[in-house]
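# Coordinates in review
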Amino acid sequence: MAERLSAREAIALLTDDFTDDVTVEVTGDGTSDGPADGPLGWEGYDASHALAAARTGESESVVHGTAVVDGQRCVLVAFEFGFLGGSLGRRTGDRLVAAYRRARECRLPLVSLVATGGSRMQEGMVALTQLQRVAAETVALREAAVPHVAVLRDPATGGGWATVGAGADVVLALPSAQIGFAGSRVRPPDADPAAYTAEGQWAAGHVDTLVPGLELRAAVGRWLRLLTGGGPRLAAAPVGPPPALAEVSAPATGWEAVALARAPERPRAGAYLDAYVEGRAEIRGDRCGGVDPGMRCGFGWYEGRVVAYAAQGGTPTRPAGYRTAARLVRLADRLGIPVLTLVDTPGAANDAEAERAGAGPAIAEVFAAIAAARVPVTSLLIGEGGSGGALALAAAGNTWATPDSYFSVIAPELAAAILKRPPEQAPATADQLRLRPQDLVELGVVRGIVPRRA
């Protein structure tokens, strides 16, 4: 189990400076006082509330204010688990709404330190409806292009996880923290405990990064710099395609192009990212329970600008990979950050599990995300361009190719098989497909062949 920090201890761990914001309060009904023992008249509720305040020194389960994290200004929300289990009641909702609105009005990123057991049962449905208020503020924050980074502490469960935590753009978690919609006392007795941990949520693609407490300030600061590095002015022009890393010439034949792209020693996405994108931070998972290790998505500095990248790693791309890429493109588009995609896959995964996971809908999702993007998208074909599974990540009208790449409607071997040709006809079929980089330029599929790195 992760160390359970108080709200103030978590704030001290993360921030360079913090100022309480107690002057901005919002209530759902326009009043500050409620009936004795809350909206349900729950006997002893006022006494429990007073005892929690005496124990923790806080007047509610949420602290909010403005802060500086690793030199970056933000609006900060921190849950106090010692105050009635960090539960959400009406007053908690007031404070969350105030924080979200302050972030939106001041155009400062929001950082949430989540530690909650869920909605406050002593307030019944009044407490539960605070989740709707948070959801409305989340939408408003997104529409205002203000980023939200959540840090999941121990525990992060119930509605607080399902709105404040999971509703953030980027989700970080402390190792070993208890995370899950179901709290420890309401799970099935035979439930796998690993599913309710930070590590389990990370493995399933619901958490982007596990960050030890001592590294939290630097990690959140990096994300704040990256997510606030866009905007209309910077996103007006596309980034240029990276130079090629391989020292090869354009292939003489289609089959040679296929061989170059399939060569084990050929530079892959990781080499391009290491060479050209600095200060990277990556998102992970499709938020639907899937992770594709062959798809890397994140943000970093490229050509002096913040760029979002989605990079295929040369393996068949799985549905989770396409959905993660779509998530990346939509986030970058909302924040005004240009996108760079590195295209490299023999094609979409076509096994039965991929079909069950929605290969077709996932590919459609990333096609649509790139087509709808208002920010410029630049694509570089760095290896295999296998059919629609590769084209899904390619920007129409702004795709480039390296000399050691090819793009084809279908793999030459499969084309030969469909045409009922013997396997030895695959090389000749490759020529017919006109899949070489120079063929792609002539066909208008790519804009040009990038030169080798100087």
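Going by the structure above, here's the rest.
Attention in this report is confined to the structure presented alongside it.

### Describing the overall build of the protein
Within the protein one finds 17 helices and 15 strands. Counting over 454 residues, the protein shows a buried share of 53%. Look at the contacts in the protein between residues 6 or more apart in sequence, and 74% of them connect residues 24 or more apart. In the protein, 43 positive and 50 negative side-chain charges are present, and the distance between their average locations comes to 3 Å.

### Some thoughts on the pairing of strand 13 (residues 377-386)
Each regular strand displays side chains that alternate between the two surfaces of the sheet. Burial of strand 13 is extensive: 10 of the 10 residues sit out of reach of the surface. By the bridge criterion, 6 bridges tie strand 12 (residues 339-345) to strand 13 in an arrangement that is parallel. Bridge pairing links Thr 341 to Ser 379 in strand 13. In terms of strand pairing, strand 13 meets strand 14 (residues 399-401) through 3 bridges, oriented parallel. Counterpart to Ser 379 in the pairing with strand 14 is Thr 399.

### Comments concerning the environment of Pro 109
Within the secondary structure, Pro 109 is located in the loop between helix 3 (90-106) and strand 4 (110-116). Through-space distance from the C-alpha of Pro 109 to that of Leu 224 is 7.1 Å; in sequence the pair is 115 residues apart.

### A closer look at a nonpolar patch on the surface
Taken together, the side chains of Leu 40, Trp 42 and Met 121 present a nonpolar region at the surface, about 330 Å² in accessible area. The residue Met 121 is located in the loop between strand 4 and helix 4 (124-128) in this model. Met 121 gets classed as exposed once you look at its relative accessible area, which sits at 59%.

### Observations concerning the pattern of salt bridges
For the structure shown, the criterion picks out 27 salt bridges. The shortest N-O distance in the salt bridge between Arg 217 and Asp 16 comes to 3.1 Å. Of this pair, Arg 217 sits in helix 8 (residues 216-227) while Asp 16 sits in the loop between helix 1 (7-14) and strand 1 (17-20), and the two are 201 residues apart along the sequence. Looking at Asp 16, the relative accessible area reads 40%, which means it is partly exposed. The salt bridge partner of Asp 70 is Arg 225, with a shortest N-O separation of 3.0 Å. With a gap of 155 residues between them, Asp 70 in the loop between strand 2 (62-69) and strand 3 (72-79) and Arg 225 in helix 8 connect regions that are remote in the sequence. Taking relative accessible area as the criterion, Asp 70 reaches 31% and is therefore assigned partly exposed. The exposure class of Arg 225 is partly exposed, given its relative accessible area of 31%. Several salt bridges converge on common partners, so that one network encompasses Arg 434, Arg 436, Asp 439 and Glu 442.

### A closer look at the nonpolar core
Side chains of a nonpolar character, in soluble globular proteins, are inclined to be buried together. One finds Leu 113, Val 220, Trp 223 and Phe 299 to be the most contacted residues of the largest nonpolar core, which totals 64 residues. Of all the elements, helix 11 (residues 319-335) adds the most residues to this core, at 8 residues. Discounting chain neighbours no more than four positions away, the residues touching Val 220 are Leu 14, Val 69, Val 111, Val 151 and Leu 172. If you look at the next biggest cluster of nonpolar residues, it comprises 30 residues, including Phe 79, Ala 115, Val 134 and Ala 177.

### Some details on the layout of surface pockets
Estimates place the volume of the largest pocket at around 620 Å³. Residues of the lining of the largest pocket, tallied by class, amount to 7 nonpolar, 11 polar and 3 charged.

### Side note on the packing of aromatic side chains
Here the distance between the centres and the angle between the planes together describe a pair of aromatic rings. All told, the structure shown has 2 aromatic pairs when counted by the stated rule. Judged by centre distance (6.0 Å) and plane angle (75°), the ring pair of Trp 223 and Phe 299 falls under edge-to-face. With a gap of 76 residues between them, Trp 223 in helix 8 and Phe 299 in strand 10 (residues 295-302) connect regions that are remote in the sequence. Residues Trp 223 and Phe 299 agree in their burial class; the two are buried. With 6.3 Å between their ring centres and 35° between their planes, Tyr 272 and Tyr 276 make a pair best called tilted. Of the two residues, Tyr 272 and Tyr 276 both sit in helix 10 (residues 269-276), 4 residues apart, roughly one turn of that helix. Summarising the burial analysis for this pair, Tyr 272 and Tyr 276 share the class buried.

### Description of the pairing of strand 3
With respect to burial, strand 3 is a largely interior element, 6 of its 8 residues being buried. Note that strand 2 and strand 3 share 8 bridges and pair antiparallel. Across the sheet, Val 68 pairs through a bridge with Arg 73, a residue of strand 3. As consecutive antiparallel partners, strand 2 and strand 3 are separated by 2 residues, and within that stretch Asp 70 has a phi angle of approximately 50°, a positive value.

Scoring rules and cut-offs
- Residues numbered from 1 in each chain as written.
- Predicted model: local features only at pLDDT ≥ 70, side-chain atom pairs only at ≥ 80, totals over all residues.
- Heavy atoms only, no water.
- Helix = DSSP H or I, 4+ residues; strand = E, 2+ residues; numbered from the N terminus.
- Buried < 20%, exposed > 50% of the residue type's maximum accessible area, 1.4 Å probe, protein only.
- Contact = heavy atoms within 4.5 Å.
- Lys, Arg positive; Asp, Glu negative; His and termini not counted.
- Charge placed at Lys NZ, Arg CZ, Asp CG, Glu CD.
- Pairing = 2+ DSSP bridges.
- Patch = residues over 30% accessible without salt bridge, like charges linked within 9 Å, V, L, I, M, F, W, Y side chains within 5 Å.
- Areas by Shrake-Rupley, 256 points an atom, 1.4 Å probe, with all protein chains shown as cover.
- Salt bridge = Lys/Arg side-chain N within 4 Å of Asp/Glu carboxyl O.
- Core = buried A, V, L, I, M, F, W, Y, C linked by side-chain atoms within 4.5 Å.
- 1 Å grid on protein atoms, 1.4 Å probe; cavity = no way out; pocket = protein on both sides within 12 Å on 5 of 7 lines; lining within 4 Å.
- Points joined across faces, edges and corners; volume = space filled by probe spheres on them.
- Nonpolar A, V, L, I, M, F, W, Y, C, P; charged D, E, K, R; others polar.
- Phe/Tyr/Trp six-rings, centres within 6.5 Å; stacked < 30°, edge-to-face > 60°.

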